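Residues per chain, in single letters:
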2 protein chains.
Amino acid sequence: MIVFLNGKFLPAADAVVPLNDRGFLLGDGLFETMRVANGRPFRCAQHLERLTRGADFLKIKLSFTPKEIQKFAGELIEQNKLSEAILRVTLTRGAGARGYSPKNSGPPTLALTLHPLPPVNADEPVQWSLVTSSFRLPASDALASFKTTSKILNVLARAEAEEQGADEALLLNANGEVAETAGGNIFWVYQDKICTVPTGRGVLPGITRAVVLEICQSLGLETNKCVVKPEQLRNAEGIFVTQSALGIVPVAAFDGVPVAPSPLVDQITAAYHEVLTKE
Amino acid sequence: MIVFLNGKFLPAADAVVPLNDRGFLLGDGLFETMRVANGRPFRCAQHLERLTRGADFLKIKLSFTPKEIQKFAGELIEQNKLSEAILRVTLTRGAGARGYSPKNSGPPTLALTLHPLPPVNADEPVQWSLVTSSFRLPASDALASFKTTSKILNVLARAEAEEQGADEALLLNANGEVAETAGGNIFWVYQDKICTVPTGRGVLPGITRAVVLEICQSLGLETNKCVVKPEQLRNAEGIFVTQSALGIVPVAAFDGVPVAPSPLVDQITAAYHEVLTKE
């Protein structure tokens, strides 16, 4: 696989960062994950807009414009001849001194890597069993709007779920309210409404989350942003997770209890695939 | 400078990690910072004990024993001929796949790097101006006991303080209580008692914090672990920060208001230097 690193295309095996890259030392960076469909990263502009806002917040001066990054992504996809894939864009503050101060660091590190889609079995579409994590997100967090590389909490929540034989972790915030999953946003169906958590409560405003809200509008499905406790998800008529890499993933079981399949989730999933392949 | 990386000693310029090191991708790692005095890392055993506990919690299987790491540190100090320095030990989960799941990753990455002490001006001993950060720590956090490399909050808090012309940031927890500083633990003197924050409220149990508590006991100074609001620090008869790299740093100003120098802080600092040079 060929990767992009700081302006150059090179084999993945040769792609290295110095030991004093602050991404490595302190999780001092940002990333985006995109689904590549038909050779193009889906909703690339929105992902790069979030990356740019994050870089502004972290005061990391991007060496490339979003347009240039999009062009590099296109070249990377072409060089790897992988038109259906997952693209990860990683931006860190670059090399710097020991210690927290970001003074005298940089230039930033920008890496684009392409990853094959997980193998799909048409007879057994992907669905997840979801378990509530023992880890909690902050209830309000200035950083929640940005996708930083300081993601140890998400790693541990996912690992905990996997140890329990589940696929994904539901994270509550410090108030015990449903927030998001380790790697995505959460939606559920209740009284035929498509519900999700409002942003600003420790929740990352996911790009796929936004796509689903658009789809609901175009399908005439009522949506509802509401704050719920995990117990309330037991009454859901369907649960699904949204994330850029895998799109919409229906939840088949929540905390060990089966979740009924929902025709509304199927309808949204079909509409999502249409948007994904058309754009 | 020579560094240690995964069993080898090599020039810092040649020390690199692969782009898919999960430390770089996700802050999926741990670190320790130690003061090297008289050619030996101070309280090395305690630091490596915390690292080992953290690795257990993160389920990172260390490739080396604490004893071996201590031996590598000694060799690194000798090779660099730097007997007064700062040692950083970084441990990450190593190379892995994209995504949060730690499955099929590793072997872990272990790096030891040596850094010169900041230049000291004997006429102007280091003292800090401290400002309250706008960033908040979680009020309770399973991860607070470990020094992970997911440190974007600390980086941003320090950066914010520096932008205000200060040296260090005081972090409150989500309840608005004093927790710690971006890079250390906080102590203050009140009614001749040496006060600090109890652990278990988002506070890292610092090694230098423990040394100071020992010193207070040996000097017959009364200590008090208490939960306070930042306003209460205004009545302090002295404030200081403890951290492994710099030891004890007196606070000269808090949120722009001068803090009186405290003879008790001087007494503890002198005792700390004695312990540091004797051990």
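Everything quoted here is computed from the prediction, not taken from an experiment.

## Topic: the packing of helix α5 (residues 207–219) of chain A against helix α6 (residues 263–278) of chain A
Residue and element names in this part refer to chain A. Remark: α5 packs on α6, axes separated minimally by 10 Å, with the N-to-C direction vectors making an angle of 110 degrees. What the angle tells us is that α5 and α6 run roughly perpendicular. Here α5 contributes Thr208, Val211, Val212, Ile215, Cys216 and Leu219 to the contact with α6, which in turn contributes Gln267, Ile268, Ala271, Tyr272 and Val275. For the contact of α5 with α6, a count of residues per class yields 9 nonpolar, 2 polar and no charged.

## Digging into the relation of the copies chain B and chain A
Note on the identical chains: chain B maps onto chain A by a rotation of 180 degrees and an axial translation of 0.0 Å, with an RMSD of 0.0 Å. The transformation just described matches what one would write down for a two-fold rotation axis. The share of interface residues of chain B whose copies in chain A are also at the interface is 100%, consistent with both copies meeting through the same surface.

## A closer look at the domain arrangement of chain A
All names here are of chain A. Per the domain assignment, the segments of chain A are domain 1 (2–116) and domain 2 (128–278). The interface is formed by 25 residues belonging to domain 1 together with 22 residues belonging to domain 2. When domain 1 packs against domain 2, the two sides together hide about 1900 Å² of surface, and 64% of this comes from carbon and sulfur. Linking Glu214 and Arg43 is a salt bridge whose minimum nitrogen-to-oxygen distance equals 2.9 Å. Across the contact surface, domain 1 and domain 2 share 9 residue pairs in polar contact (both at pLDDT 80 or more). It is strand β4 (residues 29–37) that contributes the most residues to the side of domain 1 that touches domain 2, 8 residues altogether.

## Focus on the pairing of strand β12 (residues 193–196) of chain B
All names here are of chain B. As defined by bridge partners, strand β11 (residues 185–190) adjoins β12 across 4 bridges and the pair is classed as antiparallel. Paired with Val189 across the two strands is Ile194, which belongs to β12. Connecting β11 to the next strand, β12, in antiparallel fashion are 2 residues, including Gln191 with a positive phi near 50 degrees. Pairing analysis gives 3 bridges linking β12 to strand β13 (residues 223–225), with the strands arranged parallel. Each residue of the ladder has a partner; that of Cys195, found in β13, is Asn224. The parallel pair β12 and β13 is bridged by helix α5 (residues 207–219), and the resulting crossover is right-handed.

## Here we look at the interface of chain B and chain A
Interface size is commonly expressed as the accessible area that is lost once the parts come together. Taken together, the 55 residues of chain B in the interface contact 55 residues of chain A. Both sides of the chain B and chain A interface together cover about 4300 Å² of buried area, and 71% of this is carbon and sulfur. If you sort the residues of chain B by the area they bury against chain A, Phe24, Arg98 and Tyr100 of chain B come out on top, with a joint share of 21%. The interface formed by chain B and chain A includes 4 salt bridges.

## Considerations on helix α2 (residues 44–58) of chain B
The first and last C-alpha atoms of α2 of chain B sit 21 Å apart over 15 residues, in line with the 21 Å expected at 1.5 Å per residue. Those residues of α2 of chain B that fall on the buried side of the exposure criterion are Cys44, His47, Leu48, Arg50, Leu51, Gly54, Ala55 and Leu58 of chain B. Seen along its axis, α2 of chain B keeps its buried residues to an arc of 155 degrees; they face one direction. Residues of α2 of chain B that are buried in the fold lie against α4 (152–163) of chain A together with β4 (29–37), β5 (40–41), α3 (66–80), β6 (85–92) and α5 of chain B.

## A short note on the confidence of the model for chain A
Of all residues in chain A, 100% have pLDDT values of 70 or greater, and the mean over the chain is 96. The complex prediction reports pTM at 0.97, with the ipTM value standing at 0.97.

## Here we look at the packing of aromatic side chains
On inspection of all chains with the given rule, the structure shows 18 aromatic pairs over all chains. Considering the side-chain rings of Phe4 of chain A and Phe72 of chain A, the 4.3 Å spacing of their centres and the 25 degrees angle between planes classify their relative orientation as stacked. Within this pair, whereas Phe4 of chain A is found in strand β1 (residues 2–5), its partner Phe72 of chain A is found in helix α3 (residues 66–80), the two being separated by 68 residues in sequence. Judged by its relative accessible area of 0%, Phe4 of chain A is buried. When the ring of Phe64 of chain B is compared with that of Phe72 of chain B, the centres are 5.1 Å apart and the planes differ by 90 degrees; the resulting orientation is edge-to-face. These aromatic residues form a ring-pair network of at least three members: Phe4, Phe9, Phe64 and Phe72 of chain A. Positioned above the aromatic ring of Trp128 of chain A is the side chain of Arg158 of chain A, whose terminal nitrogen or guanidinium carbon lies 5.9 Å from the ring centre. Note that Arg88 of chain B overlies the ring of Phe31 of chain B, its terminal NZ or CZ placed 4.0 Å from the centroid.

## Quick word on the pairing of strand β7 (residues 109–116) of chain B
Residues and elements named next belong to chain B. With respect to burial, β7 is a largely interior element, 6 of its 8 residues being buried. Bridge analysis of strand β1 (residues 2–5) against β7 gives 2 bridges, and the strand direction is antiparallel. Note on β7: the bridge partner recorded for Phe4 is Leu112. As judged from the 8 bridges shared by β6 and β7, these two strands associate in the antiparallel manner. Residue pairing in the sheet places Thr90 in a bridge with Ala111 of β7.

Reading guide: rules and limits
Residues numbered from 1 in each chain as written. Chains lettered and ligands numbered in written order. Predicted model: local features only at pLDDT ≥ 70, side-chain atom pairs only at ≥ 80, totals over all residues. Heavy atoms only, no water. Axes fitted to C-alpha atoms, helices over the stretch in contact; angles between N-to-C directions. Helix = DSSP H or I, 4+ residues; strand = E, 2+ residues; numbered from the N terminus. Parallel < 35°, antiparallel > 145°, perpendicular 65-115°, else oblique. Contact = heavy atoms within 4.5 Å. Nonpolar A, V, L, I, M, F, W, Y, C, P; charged D, E, K, R; others polar. Least-squares fit on C-alpha atoms with pLDDT ≥ 70 in both. Domains from an automatic or database assignment. Buried area = accessible area lost by both parts, 1.4 Å probe. Salt bridge = Lys/Arg side-chain N within 4 Å of Asp/Glu carboxyl O. Polar contact = N/O pair within 3.5 Å; in protein donor to acceptor, adjacent residues only side chain to side chain. Pairing = 2+ DSSP bridges. Right-handed = clockwise from strand over helix to strand, strands pointing away. Expected span 1.5 Å × (residues − 1). Buried < 20%, exposed > 50% of the residue type's maximum accessible area, 1.4 Å probe, protein only. Arc of directions from axis to C-beta. pLDDT = per-residue confidence, 0-100. Phe/Tyr/Trp six-rings, centres within 6.5 Å; stacked < 30°, edge-to-face > 60°. Lys NZ or Arg CZ within 6 Å of the ring centre and 35° of its normal.

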